[in-house]
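If you want the building blocks of each chain, they are given just below.
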Amino acid sequence: MGIHYLQAPIFGNAEQRTMLGAGFHNIGRGVLRASDASMVNKIEAHYGERCGHIPMDAEQAFLLVETPSATIERQVAYLAQLFQKELRMTDFAEFACLGRERAAEQTLVVPYIHVPEANQQIRALLGEVEIWGLPASMVHLLKNKASFYAFADELQLPGFALPEYTIASVHNLVPASLTLLKEIEELYAQAGLSAHYPLGVMLRGAESDGNYGCSLLTMHDGQITIIQDGDALHPITALDWTEALAIARDQLIATMNLEKEERIVISRFLDLEDSPGMSLVLLNGEVASLGWNGQLQLEGSKACVGTSSYEPKNNYLSTLQEAGEDETERFFTMLLRQAAVRCNVHFNDIRGIANLDIMLPGPLERHLQQRLQRPQVPYLAECNPRWTNYTDAILAVLNAYRRTPTIAAMREVIRQGIFTIDKQFIPVHLDPTLVRTHLSEQDEALGQLGIKIISRMTHNPMGLILAGERVQARRELDRIIASLASTLDQD
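These numbers come from a predicted model, not from an experiment.

Draft legend 1. Layout of the pattern of salt bridges. Taken as a whole and assessed by the stated rule, the structure comprises 23 salt bridges. Arg386 is the salt-bridge partner of Asp209, the closest N and O atoms lying 2.8 Å from each other. Of the two residues, Asp209 is situated in strand β7 (residues 200–209) and Arg386 in the loop between β17 (379–384) and α12 (389–400); the sequence distance between them amounts to 177 residues. Among the salt bridges present, the one from Asp274 reaches Lys313, with a minimum N-O distance of 3.8 Å. Residue Asp274 is located in strand β12 (residues 272–274), and its partner Lys313 is located in the loop between β15 (304–309) and α10 (315–342); the two are separated by 39 residues in the primary sequence.

Draft legend 2. Focus on the nonpolar core. Within the largest apolar cluster, 129 residues are counted, with the highest numbers of intra-cluster contacts made by Leu203, Leu217 and Leu336. Not counting residues within four places of it along the chain, the set of residues in contact with Leu217 comprises Leu199, Gly200, Val201, Leu203, Ile224, Thr225, Ile226, Trp241, Ala244, Leu245 and Ala248. Within the second largest apolar cluster, 17 residues are counted, among which are Ile426, Leu466, Ala473 and Ile480.

Draft legend 3. Representation of the sheet that holds strand β9 (residues 223–228) within the structure. Sheet architecture is open: six strands sit in the order β6-β11-β7-β8-β9-β10, paired in antiparallel fashion. Of all the strands in the sheet, the pair left with one neighbour each is β6 (165–169) and β10 (236–238). Strand-to-strand twist of the sheet, defined as the mean angle between neighbouring strand axes without regard to direction, takes the value 20°. As judged from the six bridges shared by β7 and strand β8 (residues 212–220), these two strands associate in the antiparallel manner. Its bridge partner lying in β8, Leu203 is registered against Ser215. Seen against the sheet, helix α7 (residues 145–155) touches β6, β7 and β11 (263–268) and runs at an angle of roughly 110° to β7.

Draft legend 4. Spatial organisation of helix α5 (residues 116–126). Here α5 has its buried residues at Pro116, Ala118, Ile122 and Leu126. The buried residues of α5 occupy one face: seen down the axis, they fall within an arc of 160°. The exposed set on the far side of α5, more than 90 degrees from its buried face, consists of Gln120 and Ala124. Along its buried surface, α5 packs onto β1 (20–24), β2 (60–64), α4 (92–101), β4 (107–111), β5 (130–131) and α6 (136–143). Count one or two residues on from α5 and you reach Gly127, which has phi positive near 80°.

What counts as what
Residues numbered from 1 in each chain as written. Predicted model: local features only at pLDDT ≥ 70, side-chain atom pairs only at ≥ 80, totals over all residues. Heavy atoms only, no water. Salt bridge = Lys/Arg side-chain N within 4 Å of Asp/Glu carboxyl O. Helix = DSSP H or I, 4+ residues; strand = E, 2+ residues; numbered from the N terminus. Core = buried A, V, L, I, M, F, W, Y, C linked by side-chain atoms within 4.5 Å. Buried < 20%, exposed > 50% of the residue type's maximum accessible area, 1.4 Å probe, protein only. Contact = heavy atoms within 4.5 Å. Pairing = 2+ DSSP bridges. Axes fitted to C-alpha atoms, helices over the stretch in contact; angles between N-to-C directions. Arc of directions from axis to C-beta.

Right, here's the structure in full:
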């Protein structure tokens, strides 16, 4: 009798062990493939060290990088100690050489995102190695926000809706947005909510990601607020829509590589109760949900600054969660199956992971739906056909516990609790590498408390993973930072 798919290793199979396995964290040139070079460099500088999606159950495990650095090498050494297994940083030339030396053995590469550009790069430099993840053609369709919205709009699958939206060249952003805003005003007037529902639009570059390359514009008391890249701490204000949209357009252009993509998705600002995500793992025809995950957002912002296993903020969301998770899984599975058909991909051959972000209507939006006699359904935000902050962290925790990555093991990490922090500010005089070293030294003691604290980006602000009981893990992290800072003050 074969092994149940929930217990099967997600990287490979129990009968044939992968000999060479590498995680390729192409978060910059992969995720932001059509962004301005300065934007790509900014993201790689912050997230370049982060890579939990390493197939550590391979005989030899590597972190594959395009440009080796001392910073990444030190992080790899920390992870190797944490995982209690040899782990090396390598570049394409060295990894290709290793592959040629062991040509008869299985080699696996796990990119953060399997875009066509990454597929071409891996094939050109490494040959016919196995690549884990959704097929590149599906990633290309689902990742691009303009293509995804148009595809979802065409399918009209039941259970979810799209907000009012239009797609335009960034050069035509101002008139296209003004036209949509007029339609939204008429919509609110029809529902009798003109005096209650804030007028606004969300502007997203078709190849933006994580709110890098997005602008949120909303009107309050006759003044328009512009939040760029989710940075609610530094809003810009304008007195009329034409001025505000021109400011947003120029800011978006600065983040984009217009030779690769110039489209903007312009959509109605929604009053939301929450915006959870859901990741599905696909293993040769089997589909398994990891449940909703929570996105942590700054006040007044739509940018995700961290993720966690889902924690409903009120009774309404708690009641909604169980049925909502089942409906999200059903819808997302249908969407992925339709995407496979569109891309001429055999669904049963796919081994990968994908995430869908949804938007749960808040009181005003539910009232609008009722007034307009619309279905009471959530909205689609975006699809991320790749690893995410959240699922990458789950793999890092499994590797730290020296557990084989399986769907069942991933679900157990979620059940026990997982919480990521993208930007943990520490005192300016405290060296982040000192915090990482202390976390490594205290790992066993923290484990006895039933928690893990993992450093994934070691600069200020730090990127961290907290696993286990959230409140206790947070308390221990604060204690460690305060203790280290106090020791330095005394010196």
